[in-house]
Amino acid sequence: MRYPARSILRSRALPWHAALFIALLACLALPRAANAQETATVVGRVLSPAGEPLAGATVTATPAGGGRARRTTSGDDGAYRLTGLRPGAWTLRASRLGYASAVEQATLAAGERRVELRLGDQALVLDPVEVRSRRDTERERTRFETEAGVTTRVITGDEIKMLPGLGEADVLRAVEVLPGVVTTSDFSSAFNVRGGSSDQNLILLDGFTIFNPFHLGGLFSVFNSDVIARAELLSGGFGAEYGGRVSSVLTVETDAGDGEFGVDMGVSMLATRVAVRSGLPGGIARALGGERGQAYVSGRRSYFDALLRPVTDFPYHLTDLQAGATIETGGGGRLQLTGYLGEDVLDLSDFDPPGDDDDAGDVLRVRWNWGNDLAGLRWTQPLGSRWVSESRLSFSRYAEALTFPDFDDTRFSSSITEAAFRQDFTRQFSGALTAQAGGEVTRMEYGNRADAGGTTFFANGRDGIFGAAYGQLRWQPSAAWIVEPGLRADLARGGAGACGDGDVPAVEDAGEGGTCLLLSPRLAVKRFLGSRRDAAVKVAVGRYVQFLHSLRDEALPVSNDRWILADGYVPPVVSDQVQLGVEKYWGDTWYASAEAYYRSYDGVTDLNPADDPNLASDDLLRGDGRSYGLDLLVRRSTGRLTGWTTVSLLRAERTFPDPLAAGFEGVPQTVTFSPVFDRRVDVDLVLQYDLPRAVQAGLRWNYGSGTPYTRPAAQIVGFETDVADGGYRLPRPEGEDPDVPYYVVPGDRNRERYPAYHRLDLTVRRPYVRRWGTFTPYVQVLNVYNQRNVLFYFFNYDKSPPTRSGISMFPLLPSIGVEASF
């Protein structure tokens, strides 16, 4: 099938709230005149011991001869600015919990001076039963105090390892325990956020897009837990700098280390992995334009094929290779490089079944391989004393191919490629006002093809150029308020250029391509409650746009994505969202939040069961949808017992034209149903406990109400055409085994629901500290009480009355492994 682009230029009318945002941006961006002849200004950045920008640090300037001290807090990029200082000698101090303070003496003259403040390492004197990293707790608290509307949930690398996974720690399995996140199957680590489909999640590795970060059709992720510092999920309210997806943003951040040599390795029942960290030699750092830096390289491979080779051929293996480096450049800049290569191979091309050699010809030999490639470069650099620049250049590709060695002319393949450049600028005008603006240019190309027996059943592919520009402000008019207006413009041109209205004549004829421009205004407001600023109410509204679709059937437990771009017949997804929340801290120990949301979706797609093979415009159905719900979270971060519990309430709907009802009068022409990820109630309980003798225990219990499915209504016999009478007749048996066609009549789509799902998982770890390093054996048990959660139902109409049987998800599944670091 093909998706020919049509030349469509659509410019939506600028709404009044977008005009208001533009006016507000113009007014607030005007710099204030400063009396620079009589006062001094000190600017700079607060850096971690590794040279990374550090947000949430307190910067204090104290006059040498005594007097009133001035204070500010570093921003997300580590930048700080103190104005109105009298010329003379000052003491500058930067401090943040978990680090040794940085102190600099500076003699200030009228005008501006730049001073970089690098914090030092500090051995925290913590309660011996402390589990959650205070640095990460402070990171979340800083986001709470400095950002208005975004909903951010952080899972640290240590917490990921304490959450039970399939054989070993898995960051995508860990994301499942966050509020607003649901999954539909034990066999897939793909996830859905607040009623969106799984392809509507933007997944980033160190800020760079990775398309299909799964092994074995979604069973587990491609990320090595040994090099993960943290994972941050933005489940709603994210600002104008984020685009490309409408549901959520998951950022997986790696840890290049502190420059000291170290090795982390592990062996699980799934794979063997190793990660090496070290400081970069000075010559390499200087050759890359830096002064010093750190690097890591990580590899993982499953080993069953090698282990069982003397006995039998095991047809599957996976490989991951990941590397990165962080280099400090002149003037307080930082250069970050990230690379990933991964591949799955299911090879049955040499499979020889036991028994009679004559049976070998009945075996279908296949080779199926798929994987990701990613390369990214990010450069963060202060420009003078007022600006910070961040540049990103990346290449990302996902490809899969299914071939049959016995049939050279049979092949199924799918791929998507992205090359992108992004530039961002941030300026802090004052402690109350920060502006951010930027843009990106992306070229994407996809291809899907199926050939068999010399016939091409479908071959579709497109490329397109995507551009985006955005601007947003962070304005804090008082200690009690934060206001963040923003506006994003997304432009698509080329094969992906049309806005998807296949029945609308093109305004601009651009040959094979068209142009689509969509504006996305966004606004977030936060109001702190009380003088301690430990409680707040927030609201966020915005529009989000996505030009990419996956045709993967989410009802299938194991499957890969097959991507397509929006064009003249495939619409972009446009989602309008609003959320209202309240959150509260009780010291460093307790945190709670409640957040309600509503989302609409225009341009969602579904396969057309009645498409015409000769008509390219009807392969997909265009529909709309909505979702609304409530997410609750309570978390304890300190003490011997830590963890959190979440309750997520959701209702999601999709509405599509019903092509099977076309032409019938009095029959509804649309069908509204709940998608397979419409889990109305989802409860997660996560506990981590320090037992005696340094034993660490982790527990996860999950309850979910039943997900929807379509139940067959009946099974019928297909009639034959009676040519003589011009009517129909029952099939006439021929031979001893007549081939009588039976057809299943489905009931209302997703009208029924599976039974409720619940499962308990445990993990136990025991670190042993030796002179050479740390040795940690662990045990994980999935589905401790062996609950038979339903995956599929099957209905047998050969019996009267019909019978129902089913397939269950994971049974009781124990596993062991060992980790070591030195």
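Residues numbered from 1 in each chain as written. Predicted model: local features only at pLDDT ≥ 70, side-chain atom pairs only at ≥ 80, totals over all residues. Heavy atoms only, no water.

Observations concerning the sheet that holds strand β3 (residues 58–63)
- Taking strand neighbours across the sheet as the criterion, the four strands line up as β4-β3-β6-β8 in an open arrangement whose pairing is antiparallel. Looking at which strands have only one partner, the edges of the open sheet turn out to be β4 (70–73) and β8 (102–108). Taken over all neighbouring pairs, the strand axes of this sheet differ in orientation by 20° on average, direction set aside.
- Looking at chain direction, β3 and strand β6 (residues 88–95) are connected through six bridges and run antiparallel. Its bridge partner lying in β6, T58 is registered against S95. (Pairing = 2+ DSSP bridges. Helix = DSSP H or I, 4+ residues; strand = E, 2+ residues; numbered from the N terminus. Axes fitted to C-alpha atoms, helices over the stretch in contact; angles between N-to-C directions.)

Considerations on the pairing of strand β38 (residues 620–636)
- Both strand β37 (residues 590–607) and β38 contribute to a ladder of 17 bridges, which runs antiparallel. Within the sheet, the bridge partner assigned to D606 lies in β38 and is L621.
- What sits between β38 and strand β39 (residues 641–657) in their antiparallel hairpin is a turn of four residues, with G639 showing a positive phi close to 105°.

Comments concerning the packing of aromatic side chains
- The final tally for this structure, using the stated rule, is 18 aromatic pairs.
- When the ring of F404 is compared with that of F412, the centres are 6.3 Å apart and the planes differ by 80°; the resulting orientation is edge-to-face.
- Given the relative accessible area of 32%, F412 is considered partly exposed.
- Consider the rings of F466 and F547, whose centres lie 5.5 Å apart with planes at 50°: the pair is tilted. Highlighted residues: F466 in strand β30 (residues 455–478) and F547 in the loop between β33 (535–546) and β34 (548–550), separated in sequence by 81 residues. F547 shares its class with F466; the two are buried.
- Site record: aromatic cluster; members linked through ring pairs are F144, F528, Y585 and Y591. (Phe/Tyr/Trp six-rings, centres within 6.5 Å; stacked < 30°, edge-to-face > 60°. Buried < 20%, exposed > 50% of the residue type's maximum accessible area, 1.4 Å probe, protein only.)

Here's the deal with the side chain of D264
- In this fold, D264 is placed in strand β21 (residues 262–268).
- There is a polar contact of 2.6 Å between the side chain of D264 and the side chain of R277.
- Apart from residues lying up to four places away in sequence, D264 is in contact with D226, R273, V274, A275, R277, A820 and S821. (Polar contact = N/O pair within 3.5 Å; in protein donor to acceptor, adjacent residues only side chain to side chain. Contact = heavy atoms within 4.5 Å.)

Thoughts on the sheet that holds strand β20 (residues 248–254)
- Taken in spatial order, the five strands of this open sheet run β12-β19-β20-β15-β16, and their pairing is mixed. The open sheet is flanked by β12 (151–156) and β16 (208–209), the only strands paired with a single partner.
- The pairing of strand β15 (residues 201–205) with β20 spans five bridges and is parallel. Considered in β20, the bridge of N201 is made with S248.

Describing the pattern of salt bridges
- Applying the stated criterion to the full structure yields 46 salt bridges.
- For R194, the salt bridge goes to E595, with nearest N and O atoms at 2.7 Å. Within this pair, whereas R194 is found in the loop between β14 (192–193) and β15, its partner E595 is found in strand β37, the two being separated by 401 residues in sequence.
- K526 is the salt-bridge partner of E583, the closest N and O atoms lying 3.3 Å from each other. On the criterion of sequence distance, the pair formed by E583 in strand β36 (residues 573–586) and K526 in strand β32 (residues 514–529) is long-range, its members being 57 residues apart. The residues E583 and K526 share a single accessibility class, namely buried.
- Linked through salt bridges whose partners overlap, the residues forming this network are K161, E168, D226, R273, R300, D320, R765 and E819. (Salt bridge = Lys/Arg side-chain N within 4 Å of Asp/Glu carboxyl O.)

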